[in-house]
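Chain by chain, the residues run as shown.
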Amino acid sequence: MERDSRKLSELSELIKSCLENNLEQSYWIVAELMDVRVNANGHCYLELVEKDEKSDRLVAKASGVIWAQRFRMLKILFEEETGQSFASGMKVLLNVSVNFHALYGFSLVIQDLDPSFTLGEIVRKRNEIVRQLKEDGIFELNKELTMPRLPQRIAVISSETAAGYGDFCTHLREDKGGFAYYIKLFPAIMQGAQTESSVIEALNKIYARIHSFDVVVIIRGGGATSDLSWFDSYDLCANCAQFPLPIISGIGHERDESVLDMVANQRVKTPTAAAEFLLQRLYVEDEKIKELRDTLIFLANEQRQREKDRLDHCSNRLPQLARMVTESGMNSQKIWIKQLGTATKLYLMKEMHRCDLKQEQLKWLSPERLLKRGYTLTLMDGKIITSPERVHSGDRITTRFSTGEINSIIE
Amino acid sequence: MSTKSLTYEEAIQQVELLIAQIENNEISMDDLAEKIRLASEYLRFCKEKLHKVNEEIEKVLKETEEL
């Protein structure tokens, strides 16, 4: 029996016309990008997928293509608007037309895309992570750590070859402050799907030597379009938030911040800025040491000056006092001498007077005076005889007058 | 004074304490020289920590390479 058959190409043609007749020119759809690849001609081939919200299982999948000319334009638009690279994992709002090719089958030709949707998606996802971190009570933990006064032992998480790491080291090396610092690189992949696990692994390595470091710096190179979405990861940010050393994030983008920036102890825009932040801490301490030294010198001099003034005061005062004491001493001496003089004079005069009196009295009592008045003195052997019993007959006596003597012999 | 186990923070605090004492005239002229010598030593310790590369730390970090 001969069946009513047709060629495959005829069926394909039928499907094609069926699709064309029943579908609109294009549709706006929401999908996630997967396996994004660009061939040598500049055409972009990719998979569009939809995942179940809860289980994350694929519920729909379709091949897509963006023709080279359109892709160039859309890629620039998308990356400028969102700050994200047009890559796998992005959730996008696309304008697609359904295409069916007899040889290549069903595919969606992407005509346009709306970056604001993706931007909204990023924000929504970021907010969700932030909400979860806050709910878990860990959002603020790293921020609450005190940045050490001397963050000199620096653990750097970066891609080894990244220009950013070079910038960071150069900025520290070329500084003129002459500070000591120690940099240890913990290499990690800083973009793409492996970012999360790679950075967490680096953190674990640092944790194993936690006492060797003061601070962790997470940086990545500039140049290429910043793709921050890899740092909007709950696991990565939960690890950073709970890390016991303060983290400085320098993965930044001028325009928006990642969740990592939000949980980090300090966030800066570039690796150079991260180095500058650390240097500033050291400069502050350097200044502080200088200030303390100056204060110390000032106070010491001040106290010395005070003591010197005290001493000067005393030594100036001393001669003055001495002079005062001497002068008053001399004065009293003069007075004393004067007083002494007067007293002596009086005494002497009195004595002299007394002597005069005595002399006068004596004058009256002198034998010569008596002799002149007619009295005589009787002497024997040169001694005055005052009673007759002392002389015996035959004794030779002398009788003295005022004008002479006579000798006689007692009968 | 042993600066071996001293931290930078502690050293700075010691200097600040000494300065406060001098400011409040709590230090006699007899002790002044000694106290200033002590404070200078703390300051030198701080300055060295800030500026002088410590071989010991370099060594520890080298060992970290093996991880």
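Before reading further, recall that the structure is shown in the block above.
It should be emphasised that the depicted structure is a prediction, and the values quoted were computed from it without experimental measurement.

S.K.: Would you take a moment to explain the interface of chain A and chain B for this structure?
M.R.: The accessible area lost on association of the parts is a frequent measure of interface size. Each partner contributes residues to the interface: chain A has 24 residues there, and chain B has 25 residues. Among the secondary structure elements, those contributing two or more residues to the side of chain A that touches chain B are strand 7 (182-187), helix 6 (195-208) and helix 9 (271-365) of chain A. When the residues that make up the side of chain A that touches chain B are grouped by side-chain class, the tally is 11 nonpolar, 4 polar and 9 charged.

S.K.: Please explain the pairing of strand 14 (residues 405-409) of chain A as it appears in this structure.
M.R.: As a general feature of sheets, a regular strand has side chains that alternate between the two faces. All names here are of chain A. Within strand 14, only 0 of the 5 residues are buried, which leaves it mostly out in the open. In the sheet, strand 13 (residues 396-400) pairs with strand 14 via 5 bridges, with the strands oriented antiparallel. Directly across from R400, in strand 14, lies its bridge partner E405. A loop of 4 residues connects strand 13 with strand 14, the two strands running antiparallel in sequence.

S.K.: Any chance you could explain the nonpolar core here in plain terms?
M.R.: Inside soluble globular proteins, nonpolar side chains tend to come together where they are buried. Residues and elements named next belong to chain A. V156, V216, V217, C237, C240, L260 and V263 are the most contacted members of the largest nonpolar core, which has 63 residues in total. With 7 residues, the single largest contributor to this core is helix 9. In this structure, C237 is in contact with I129, L133, V259, L260 and V263, ignoring residues within four places of it in sequence. Within the second largest apolar cluster, 15 residues are counted, among which are L48, I66, F78 and L108.

S.K.: Is there a simple way to explain helix 6 of chain A in this structure?
M.R.: Each full turn of the α-helix corresponds to 3.6 residues, which orients residues three or four apart in the same direction. Residues and elements named next belong to chain A. Taking 1.5 Å as the rise per residue, helix 6 with 14 residues should run 20 Å; its terminal C-alpha atoms sit 20 Å apart, in good agreement. Within the span of helix 6, buried status applies to T195, S198, V199, A202, L203 and I206. Projected onto a plane normal to the axis of helix 6, the buried residues spread over an arc of 140° and lie on a single side. If you follow the buried residues of helix 6, they end up packed against strand 6 (153-158), strand 7, strand 8 (215-219) and helix 7 (234-241).

S.K.: What's the story with helix 5 (residues 163-173) of chain A in this structure? I'm lost.
M.R.: Here helix 5 of chain A has its buried residues at G164, Y165, D167, F168 and L172 of chain A. Each buried residue of helix 5 of chain A lies within a common arc of 160° when the element is viewed along its axis, so the set occupies one face.

S.K.: Just to check I follow, could you spell out the packing of helix 3 (residues 115-135) of chain A against helix 7 of chain A for this structure?
M.R.: Helix-helix packing: each pair is described by the crossing angle between the helix axes and the interaxial distance. All names here are of chain A. Relative to each other, helix 3 and helix 7 sit at 40°, their axes nearing to 10 Å. Classified by the interaxial angle, the pair formed by helix 3 and helix 7 is oblique. In this structure, helix 3 crosses over helix 7, and the sense of that crossing is right-handed. Facing I129, Q132 and L133 of helix 3, the residues of helix 7 in contact are Y234, C237, A238 and A241. Residues belonging to the contact of helix 3 with helix 7 are distributed by class as follows: 6 nonpolar, 1 polar and no charged.

S.K.: Sorry if this is basic, but what is going on with the sheet that holds strand 14 of chain A here?
M.R.: Note: strands within a sheet are paired through backbone hydrogen bonds, in either parallel or antiparallel orientation. Residue and element names in this part refer to chain A. The sheet built from 4 strands is open, its strands ordered 12-11-13-14 with antiparallel pairing. Pairing within the sheet leaves two strands with one partner each, and these edge strands are strand 12 (383-384) and strand 14. Sheet analysis places strand 11 (residues 377-380) next to strand 13, joined by 3 bridges and oriented antiparallel. Across the sheet, the residue bridging to L377 is R400, located in strand 13.

The rules behind the values
- Residues numbered from 1 in each chain as written.
- Chains lettered and ligands numbered in written order.
- Predicted model: local features only at pLDDT ≥ 70, side-chain atom pairs only at ≥ 80, totals over all residues.
- Contact = placed C-beta atoms within 7 Å.
- Helix = DSSP H or I, 4+ residues; strand = E, 2+ residues; numbered from the N terminus.
- Nonpolar A, V, L, I, M, F, W, Y, C, P; charged D, E, K, R; others polar.
- Buried ≥ 20, exposed ≤ 12 C-beta atoms within 10 Å, placed from the backbone.
- Pairing = 2+ DSSP bridges.
- Core = buried A, V, L, I, M, F, W, Y, C linked by C-beta atoms within 7 Å.
- Expected span 1.5 Å × (residues − 1).
- Arc of directions from axis to C-beta.
- Axes fitted to C-alpha atoms, helices over the stretch in contact; angles between N-to-C directions.
- Parallel < 35°, antiparallel > 145°, perpendicular 65-115°, else oblique.
- Left-handed = near helix turned anticlockwise from the far one by under 90°.

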